Structures are given as C-alpha cells and as structure tokens.
Amino acid sequence: MPREWPVYKGYATAAARRGLVAAVVDHSLIHGLDRLVAAADEVEAAVGVLRSDPRVDPDRVGLWFFSGAGLLAGEWLDSRPDWLRFVALTYPLLATPPGVDDLVTAAEVIGKHKDLPVLLTRAGLEREELAGPVAEFVSAGGAALDIIDVPKGHHGFDMLDHTEESRAAVTKALDWAIAHLGEEPGDDGKLLVPPPATKKTTSTRRTTSAAKPAAVAKGASAGPATRQTPPAAPKATPAPSVAPSAAPSAVPSTAPSAASVQAPLADLGMATVAAVTADTPAARVISREHAAFDAHDLEAFLAMYSPTARILLADGTELKGRRFLREHYRPRFDAGRCKTEVVQRLMLGEWVVEHVVSYDDGGPTPQLGLYRVVDGLITDVEFRA
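Rules behind the numbers
Residues numbered from 1 in each chain as written. Predicted model: local features only at pLDDT ≥ 70, side-chain atom pairs only at ≥ 80, totals over all residues. Heavy atoms only, no water. Helix = DSSP H or I, 4+ residues; strand = E, 2+ residues; numbered from the N terminus. Buried < 20%, exposed > 50% of the residue type's maximum accessible area, 1.4 Å probe, protein only. Contact = heavy atoms within 4.5 Å. Areas by Shrake-Rupley, 256 points an atom, 1.4 Å probe, with all protein chains shown as cover. Pairing = 2+ DSSP bridges. Axes fitted to C-alpha atoms, helices over the stretch in contact; angles between N-to-C directions. Salt bridge = Lys/Arg side-chain N within 4 Å of Asp/Glu carboxyl O. Phe/Tyr/Trp six-rings, centres within 6.5 Å; stacked < 30°, edge-to-face > 60°.

(A) Structural view of the overall build of the protein chain. A tally of regular secondary structure across the protein chain gives 12 helices and 12 strands. Looking at the protein chain residue by residue over its 385 residues, the buried ones come to 46%. Looking at the protein chain alone, contacts between residues at least 24 apart form 67% of all its contacts between residues at least 6 apart. Of the roughly 18,900 Å² of accessible surface on the protein chain, 56% is carried by carbon and sulfur atoms.

If you want it as structure tokens, here you go:
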C-alpha cells in the first residue's frame, strides 16, 4: 500500500515533527487510471474523516498530490472549499493518456481561486510524457503558482536521488506547506519559509478552546505496488510516520436520563417538527444552489457540489462529478431554461427533501428532490417524479 512506502512515511514523519497531523491516503488509482473516479471519491472520503477527527483543526487542511495522483488535483483547484489552505503537487501527472476519461484538468482551473496557494515541485529530468503537461500547467498558472525546481532531479527524486538538492527541495516544500497552514499566509506571492518549529508549537487561531494541529493529506502516486483494501473510514493520527488508523476515537456513551425517557409525547412531536422545518446549514447550501440555478450562473451552481457528487435523475440517468454535471446542465443554462419552484421543504441534519415544480422542459413537472450536504458541499441528489 502506498501509505506504507518509506517515502510517504518520511513526509508524514517530517510533518508530524513540525506539529501537524499527516494522513497518507490509499486510493484505487494504484490499480490503474481507469479507477480515476473511484480514487477521487476515496480521497474526498478520507479528507472528510480527517477533518472530523477531534484532534484536527477542520478549517486548516492542505492537500499534497504526488505523481499519478496529480490527476486528482484539478477537482480541488476548481471547487476550493473554504477549509482548503493550499494544494501542493510534486512531480505530478497532469494529463491522462488517450482513451482514459479525466476529471477537471488542473491547467484549466489553476488561478480560478486567487486566494488559494498552489505549489509545484518540478523535476528537471522529468519524463517527457509528463513534462509537457507540467509546462502547460506552469504557463496557465502564472503568478498563481509557486515553483520549487529540482534541476538534477528525476521523477521520484525524493526516492531515487539521494542528494542535497533533493533534501533541500523536500524541506522547502514542507516549509511552504506549514507557512500556508498558518492563519495569515503571505500575500506577496513569495515562498514563505519559516524557521523550524520550537518544542512547543502554538496556533495563531483566535479561539477560546485549545488549538488543534492543522492537517496535510497526501495523495499517493499511482505506482505498481500491491494494494490491500483499506478500511472504509480510516482515521488520521498525528503520530509520526503512522498511516491513518482504522480505529475511531472512543466516545463515552451516556445513558438517557429518566426525564428524557419519560418526555411527554407532545414535546417529542414539537421537537420533530422543529428538526424538519428549522433552517440548517444544509438548507442554506441548497438555497445558494437554487439561487445560482435561477440566475443561470453555471459555475456558481457547480461550485455548490462536491467534486465527485452524484445526481440520479428521475429518468434513471446518473451523473457523477462536476465534469459530467457541467456537460449535462450547460445546454439548459445557455438556453435560459432554469426555473424551479419549491413547494415544500423538510430538513434533517445533512438532508434536505423538497417538493418542487420544474419548468425546465416548458410545462410544469412536479418532483421530489433529495439532497445530501457534507462539509458545505452537495454530495448526493436524487430526483423522483
């Protein structure tokens, strides 16, 4: 498994020694580029687990992609959730071979979010088939991209080239990552290289609770190693060189009190009504999605969806990922046929259920829409006519 490779253990150890939580993610891309969409799902799920860990500050997370996992970076450069502090790429693969469906191409979206720091560590002796797309990425990135060059480095220099140049590049990239996980990353376009952390690392976050360490999630490269199936919900651990653990944190169980067990039925009924009708964070996300739809703003509409969101249409068609959502909805947006009326809405936790009347095809079409929102983005939608 990639998270057992010494190179990724080395990066995780170095990050942990600087006071971070480092999670190395196993994903299906190691089995071949035809597993690209599955790998994107797995990385997103792992990030969700990492951010939910009580030891991690969920608002300070960076993503670091190596080699073949560079194909997954475009989705995050496109969507940029609020908690994403940086995207780093080291000797990345940025274009799929002919015949392989890709996700969002990084060169197409680099610089879309001006306040998102992006770092490229570039190998001077890169393979020819990788060097071309990297050059396009650099050309498209312009001032939005920070670059660390390793002139005498090969692809995988941090494993193959045991030189001072290689070690300096790794250290500089880690310094850059740590700097941008801080509360106030520099806005002068320069690489930020702070001094090594002291024995006691503190946070600049202004909060009354104890500060939590920021996190770096690393996308492993697509290599030839044999991969075992990882646990469905790995937990990140801040211990040096330890991969995400399968064991969730222990949460003490609290037995219900007599008062709660014997609560009047009327009170329980009122609590239920409040749960399904009160405004929720999920409902606010859906409202923003609807507003973008009504305004025929395709990019604002897509920005409300997870990079690997699934939509099941009433006719049984399934769309997955922003690329396919864009292809499906663009003709409708271009034609100005985006009109939906919400008749009734129920909310409960991550879920929003709506009775809507759609006018996309001219006449009114009543439907039920079921939306799931996770970490501020829509992950699942199902329409039923």
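(B) Main features of the sheet that holds strand 12 (residues 377-384). Taken in spatial order, the six strands make up an open sheet running 8-7-12-11-10-9, and their pairing is mixed. The strands lining the two open edges of the sheet, one partner per strand, are strand 8 (318-320) and strand 9 (340-348). Between one strand axis and the next, the sheet turns by 15° as a mean value, whatever way the strands run. Note that strand 10 (residues 351-358) and strand 11 (residues 365-374) share eight bridges and pair antiparallel.

(C) Looking closely at the pattern of salt bridges. Applying the stated rule across the entire model yields 16 salt bridges. Its salt-bridge partner being Lys 112, residue Asp 78 comes within 2.6 Å of it at the nearest N-O pair. Here Asp 78 is found in helix 3 (residues 73-79), whereas its partner Lys 112 is found in the loop between helix 4 (106-109) and strand 4 (118-125), with 34 residues between them in sequence.

(D) Seen up close, the packing of aromatic side chains. A full pass over the atoms with the stated rule returns 16 aromatic pairs. For the pair Tyr 11 and Trp 64, a centre-to-centre distance of 5.3 Å together with 75° between the ring planes defines the contact as edge-to-face. With Tyr 11 in helix 1 (residues 6-17) and Trp 64 in strand 2 (residues 61-66), this pair connects stretches of sequence that are 53 residues apart. The same class applies to Tyr 11 as to Trp 64, namely buried. Between Phe 301 and Tyr 329, the ring centres sit 5.0 Å apart and the planes meet at 65°, which makes this aromatic pair edge-to-face. With Phe 301 in helix 11 (residues 298-302) and Tyr 329 in helix 12 (residues 322-334), the pair connects residues that are 28 residues apart, well separated along the chain. We note that Phe 301, like Tyr 329, is buried.

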